[in-house]
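Chains, contacts and geometry: an overview
Here is what each chain is made of, one letter per residue.
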Amino acid sequence: MKILGLSCGRKLGNSELLTIEALTAAKNLGVDVELIRLSDLSIKPCKGCLSCIKSYSMNNVIPGKCVIKDDVQWFSDRLLDADGVIIASPIYTGQPSGYFRLLCDRMGPTHDVGFQLFSKHKGNKMVDERFFKPRVAGTIVAGGAVECDQQLALPTLQESFLSSMIIPVVDHFAATNVSAARQVLLNDKHMKRAANLGRNVAKSLGNTIDNVKFLGDNPGICPVCHENILFVGRKKSVVCPICGIKGIIELDGDEVKVIYTQEEIRSSRRISIETRIQHIIDIGDWHEDFETGSEKVESKFKKYKSFNNYAKPQK
């Protein structure tokens, strides 16, 4: 069994030190570990060319490939080899680092398990079977603010390629009040928490999605992704933006409770392969609609193609 660590911040900064602590604890349990520093990789921005999904939308059985040549494919091979992943990032303006966001944009449909399974069902014998083995994850964020300022960072780590690859998070935590580089080394609580996260990921390796249990100390308000953020409707309805499950919010004295049905939990886009397959079917339908109206689009596009009020820096 192997755990891949992913450091998304500066070299030997707080988030990387926490990753090393977590990986060391996992290694002490007999797990193979490996650490990738995202700043060491060459990752170019997504062009939005849709090459990665065009084959799916045209009912081609060959999975779409990214046309950009850089280190993303190298990273993909390391990820597919792993049985678990620990991701740690600093928090910049309430979110994970740009290194991480850049990687997520590039992973996209090429790493969606639903897309891969759809292609396999269509008869493609070239699908990499490593996509379908069970994995688990742990996520860590580190920043200088208090807890309430960090509530978007952890969910963003989870709503990434972890979600599209159906990799459940078994533990997560935010290391707060560590603004200076390596300041986390002065906080024994954070370092011990990182080590415990590493052990929790190691203990969960090999479990199927139905048998994975959340082992962290903050189970969150969502029973699937265990995050605490919700979209609140005008009435009592709420939606988890990570899982997509709907619930009814209630107050029991000072305590907030959300009632979810078992059917909502089972149909979560976070854990349901059926939901992910339906996603690619929907995309295919939308592309067919676009192709049908392509002449009308080209006619309307002329107005925007002639716009020339762009500002560019002098070289």
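Look above for the structure.
Here is a short report on the structure shown in this document. Quick caveat: nothing in here was measured; it's all calculated off a predicted structure.

Here we take up the sheet that holds strand β2 (residues 32-37). Sheet architecture is open: five strands sit in the order β2-β1-β3-β4-β5, paired in parallel fashion. Only two strands of the sheet have a single partner each, and these edge strands are β2 and β5 (169-175). Sheet twist, expressed as the average angle between the axes of neighbouring strands with direction ignored, equals 15°. In terms of strand pairing, strand β1 (residues 2-7) meets β2 through six bridges, oriented parallel. Paired with Lys2 across the strands is Asp32, a residue of β2.

With that out of the way, let us pick up the sheet that holds strand β9 (residues 255-259). Hydrogen bonds along the backbone pair up the strands of a sheet, which may run parallel or antiparallel. The four strands are arranged β6-β7-β8-β9 in an open sheet whose pairing can be described as antiparallel. The open sheet is flanked by β6 (231-232) and β9, the only strands paired with a single partner. Sheet topology note: the strand β8 (residues 246-252)/β9 ladder contains five bridges and is antiparallel. By the bridge assignment, Ile249 is partnered in β9 with Val258.

All told, the structure shown has zero disulfides when counted by the stated rule. Unpaired in this structure, Cys243 has its nearest cysteine sulfur neighbour in Cys225, at a distance of 3.6 Å. The class of Cys243 is buried, set by a relative accessible area of 1%.

So, on to a nonpolar patch on the surface. Taken together, the side chains of Phe290, Val297, Phe301 and Tyr304 make up a nonpolar region of the molecular surface, amounting to roughly 390 Å² of accessible area. Note that Phe290 resides in helix α10 (residues 273-292). Given a relative accessible area of 42%, Phe290 falls into the partly exposed group.

This part covers the side chain of Asp83. Within the fold, Asp83 resides in the loop between α3 (72-81) and β3 (84-90). At 3.4 Å, the side chain of Asp83 and the side chain of Lys133 are in polar contact. The contacts of Asp83, once residues within four sequence positions are left out, are Met1, Lys2, Lys133, Pro134, Arg135, Val136 and Leu205.

Here we come to the environment of Lys257. Mapped onto the elements of the fold, Lys257 is located in strand β9. With a relative accessible area of 35%, Lys257 lands in the partly exposed category. Placed ten residues apart in sequence, Lys257 and Gly247 show a C-alpha to C-alpha distance of 9.7 Å. Beyond its immediate stretch of four places on either side in the chain, Lys257 contacts Ile248, Ile249, Glu250 and Asp252. Here the side chain of Lys257 touches Asp252 through a polar contact of 3.1 Å, side chain to side chain.

Leu6, Phe75, Ile87 and Phe161 are the most contacted members of the largest nonpolar core, which has 33 residues in total. For this core, the elements supplying multiple residues, two or more each, are β1, α3, β3, α4 (98-107), β4 (136-142), α6 (153-158), α7 (161-164) and β5. Setting aside residues up to four positions removed in sequence, Leu6 forms contacts with Thr19, Leu35, Ile36, Leu38, Phe75, Ile86, Ile87, Ala88, Leu103 and Phe161. Core analysis: the second largest hydrophobic core is formed by 24 residues, Val136, Ala175, Val184 and Leu197 among them.

Attention now goes to the pattern of salt bridges. For the structure shown, the criterion picks out 15 salt bridges. Here Arg78 makes a salt bridge to Glu34, at a shortest N to O gap of 2.3 Å. In this pair, Arg78 is assigned in helix α3 and Glu34 in strand β2, connecting sequence segments 44 residues apart. Arg266 serves as the salt-bridge partner of Glu263, at 3.0 Å between the closest nitrogen and oxygen. Here the residue Glu263 and the residue Arg266 both occupy positions in helix α9 (residues 262-266), the gap between them amounting to three residues, near one helical turn. Here the salt bridges share partners, and the residues they tie into one network are Asp77, Asp81, Asp128 and Arg130.

Moving on, we get to helix α5 (residues 113-121). Since the α-helix packs 3.6 residues into each turn, any two residues three or four apart lie on the same face. Within α5, seven of the nine residues are buried, which leaves it mostly tucked inside the rest of the structure. For α5, every residue scored as buried is listed here: Val113, Gly114, Phe115, Gln116, Leu117, Phe118 and Ser119. The N-cap residue of α5 is Asp112: its side-chain oxygen and the backbone nitrogen of Gly114 are 2.8 Å apart. Positive phi appears at Gly123, one or two residues downstream of α5, with a value of about 110°.

Cut-offs applied
- Sequence order sets the numbering: in each chain, residues are counted from 1 along the sequence as written.
- In view of the model being predicted, local features appear only for residues whose pLDDT reaches at least 70, and side-chain atom pairs are presented and counted only at 80 or more, with totals across whole chains, interfaces and linings using the full set of residues.
- To get the side-chain values, take all heavy atoms of the structure and skip hydrogens and water.
- Strand pairing is assigned whenever DSSP identifies at least 2 bridges connecting the two strands.
- The secondary structure listing takes helices from DSSP runs of H or I that are at least 4 residues long and strands from runs of E that are at least 2 residues long, numbered from the N terminus.
- For helices, the fitted line uses only the C-alpha atoms of the stretch in contact; every axis is such a line through C-alpha atoms, and the angle between N-to-C directions lies from 0 to 180 degrees.
- A pair of sulfur atoms, both from cysteines and within 2.5 Å, is called a disulfide here.
- A simple rule labels every residue: compare its accessible area, found with a 1.4 Å probe on the protein chains alone, to the largest value its type can have, and call it buried under 20%, exposed over 50%, or partly exposed in between.
- Candidate patch residues must exceed 30% relative accessible area and have no salt bridge, after which like charges are joined if within 9 Å and Val, Leu, Ile, Met, Phe, Trp or Tyr side chains if within 5 Å.
- Where accessible areas are quoted, they stem from the Shrake-Rupley method and a 1.4 Å probe; at the residue level, only the protein chains shown are allowed to cover.
- The salt bridge definition used is simple: a Lys or Arg side-chain nitrogen within 4 Å of an Asp or Glu carboxyl oxygen.
- Counting of polar contacts relies on pairs of N or O atoms within 3.5 Å, with two restrictions inside protein: one atom must be capable of donating a hydrogen and the other of accepting it, and residues adjacent in sequence are counted only when both atoms are side-chain atoms.
- We call two residues contacting when some pair of their heavy atoms lies within 4.5 Å.
- Take the buried residues of types Ala, Val, Leu, Ile, Met, Phe, Trp, Tyr and Cys, join any two whose side-chain atoms come within 4.5 Å, and each joined set is a nonpolar core.

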